[in-house]
Amino acid sequence: MTNSPRSTIAILIPCYNEGKTVAGVINGFRLQLPDADIYVYDNNSTDNTAEEARRAGATVRSEKRQGKGNVVRSMFREVDADVYVMVDGDGTYPADRVYELIKPIVAGDADMVIGSRLHTLSDSHFKPLNRIGNSLFLFLLNSIFRVNITDLLSGYRAFSRRVVKSLPIISRGFEIETELTVKCLERNYRVVEVPINLSPRPKGSKSKIKIFRDGFLIFNTIFALFRDYKPLTAFGLVGLILVVSGFIPGIVVIKEFIATGYINRIPSAILAVGLVLSGLLVAFIGLVLHTIARRFQELDCQLQNLIEKIHQSDDESL
Ligand SMILES: Nc1nc2c(ncn2[C@@H]2O[C@H](COP(=O)(O)OP(=O)(O)O)[C@@H](O)[C@H]2O)c(=O)[nH]1
Ligand SMILES: [Mg+2]
């Protein structure tokens, strides 16, 4: 590995009741990266996750606010390293692919590397419902944000310090992966995917995803990000639908007016005007939000440059 002597690596494992598998995950990563710092963030587990993790030699911290997003936020804030790897504590992700994951980050070629379970080169054990859900979200994401990601929800990722320390994340639960992906792409961070194979969870170990509740939250996150990051498209689309639906009663009224010179269908006329005006208003709001979002993007960019300059001058003065 082309790791510089100063590159420190942190393995972050968010855990909720993973007592059966967490030690295996820690040992797997220790074998691959003996010098890495391994952190397990225990989230009010009711089993022996914390003891198992401690016994396997990981640094165990506890996070009281339930939810993977809450845990990831605390991890990102508290842990200091140059390269970060995040992985599930359920033993489904292959530790021996970690080199492939961190290679682009260490080489400075990427800011986030996603271990993709759905890559054409992957051979993953997926439950059919999860596979369908994932493809549906991917289709939405790829069409809204015009990106080309093959796995939106993978929990096996590597990050540069820049992403970990500067990406503002607000998700509390399993929407975290969606948020990380979209925000990295929107900030123009370099996102790379590496194929990995997903193994099934061992018997007796349970997935924490609740398909409908978490599916709804992920949907919600995609739409919230759509609204916030692409307001002109989001509001423009709603505006267009309203204007077009205004034409349906409108055309009847216009035809009648052309034929008779009178407007007898007053309710239709009011409805048409109402729909067209609200459509225009919504589109106009989209335009205003778009301008504001652009200005914020510029500000964000300047802020990033400033932070980098400060870091550079800090490094030079050391
Ligand atoms: N800290 C924390 N970790 C969680 C929580 N829910 C799930 N996790 C962990 O997040 C990872 C992913 O969850 P998992 O159930 O494996 O989701 P799946 O991989 O999509 O089936 C696992 O390591 C879980 O232990 C939670 O509320 N808090
Ligand atoms: Mg998992």
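Throughout, a residue's number is its position along its own chain's written sequence, starting from 1. All chains are assigned letters beginning with A, and all ligands numbers beginning with 1, in the order in which they are written. Owing to the predicted nature of the model, reporting of local features is limited to residues with pLDDT of at least 70; listing and counting of side-chain atom pairs is limited to 80 or more, with chain, interface and lining totals taken over all residues. Just so you know, side-chain values use all the structure's heavy atoms and leave hydrogens and water out.

Relative orientation of the contacting elements helix H8 (residues 211–229) and helix H9 (residues 231–260) amounts to 100°, with a least axis distance of 5 Å. Accordingly, the angle class assigned to the pair H8 and H9 is roughly perpendicular. Here Phe226, Arg227, Asp228 and Tyr229 of H8 come into contact with H9, specifically with Pro231, Thr233, Ala234 and Phe235. Under the scheme applied here, ten amino acids are nonpolar (Ala, Val, Leu, Ile, Met, Phe, Trp, Tyr, Cys and Pro), four are charged (Asp, Glu, Lys and Arg), and all others, including Gly, are polar. Taken together, the residues of the contact of H8 with H9 sort by class into five nonpolar, one polar and two charged. Throughout, an axis means a line fitted to C-alpha atoms (over the contacting stretch in the case of helices), and angles, computed between N-to-C directions, take values from 0 to 180 degrees. We count a stretch as a helix when DSSP gives it H or I for four or more residues in a row; a strand needs E for two or more, and each element gets its number in order from the N terminus. Every angle not falling under 35 degrees, over 145, or within 65 to 115 is termed oblique; those three ranges are roughly parallel, roughly antiparallel and roughly perpendicular. Pairs of residues are marked as contacts when any of their non-hydrogen atoms sit within 4.5 Å.

Around the magnesium ion (ligand 2), the protein supplies Asp88 (OD) and Asp90 (OD) as donor atoms, at distances of 2.0 to 2.1 Å. Judged by its relative accessible area of 4%, Asp90 falls in the buried class. Donor selection uses N, O and S atoms within 2.8 Å of the metal (3.2 Å for Na, K and Ca). Since no water is included, sites may look incomplete. Under the scheme applied here, a residue whose accessible area is under 20% of the maximum for its type counts as buried, over 50% as exposed, and between as partly exposed, the area being computed with a 1.4 Å probe on protein chains only.

One can find Glu52 in helix H2 (residues 49–55). On the basis of relative accessible area, Glu52 is assigned to the buried category, the value being 19%.

Before going further, it helps to examine the site of ligand 1. Summary of the distance rule: residues count as near a molecule or strand when at least one heavy atom falls within 4 Å of that molecule or strand. Not every one of the 18 residues close to ligand 1 is listed here, only the nearest: Glu18, Asn43, Gly89, Arg201 and Lys208. The definition of a polar contact used here is a pair of N or O atoms within 3.5 Å, where within protein one atom must be able to donate a hydrogen and the other to accept one, and adjacent residues in sequence count solely through side-chain atom pairs. One nitrogen or oxygen atom from the side chain of Glu18 is found 2.6 Å from an oxygen atom belonging to ligand 1. Separating a nitrogen atom of ligand 1 from a side-chain N or O atom of Asn43 is a distance of 2.4 Å. The protein chains shown are the only cover counted for residues, whose accessible areas, like all others here, come from Shrake-Rupley with a 1.4 Å probe. For ligand 1, whose accessible area on its own is 560 Å², the fraction buried by protein is 91%. Mapped onto the shell around ligand 1, the elements with two or more residues apiece are strand S1 (9–15) and helix H3 (68–78). Across the shell around ligand 1, the residue classes tally to seven nonpolar, five polar and six charged.

In this section: the sheet that holds strand S5 (residues 112–116). The criterion for strand pairing is that DSSP finds at least two bridges linking the strands in question. The strand order S3-S2-S1-S4-S6-S5-S7 describes an open sheet built from seven strands, whose pairing is mixed. Sheet topology places strand S3 (59–62) and strand S7 (191–195) at the edges, where each strand pairs with a single neighbour. With strand direction ignored, the average angle separating the axes of adjacent strands in the sheet is 20°. Inspection of the sheet shows S5 paired to S7 by five bridges, in the parallel sense. Across the sheet, residue Ser116 finds its bridge partner in S7, namely Pro195. Seen against the sheet, H3 touches S1, strand S2 (37–42), S3, strand S4 (83–86) and strand S6 (157–160) and runs at an angle of roughly 155° to S1.

This paragraph deals with the pairing of S2. Burial of S2 is extensive: five of the six residues sit out of reach of the surface. Strand direction decides the pairing type here: S2 and S3, joined by four bridges, are parallel. Bridge pairing in S3 links Tyr41 to Arg61.

Tracing the backbone shows Thr21 in the loop between S1 and helix H1 (22–32). With sequence-adjacent residues up to four places away left out, Thr21 is seen in contact with Gly89, Asp90, Gly91 and Pro202.

Such coordinate-based values are descriptive only and should not be taken to indicate function.
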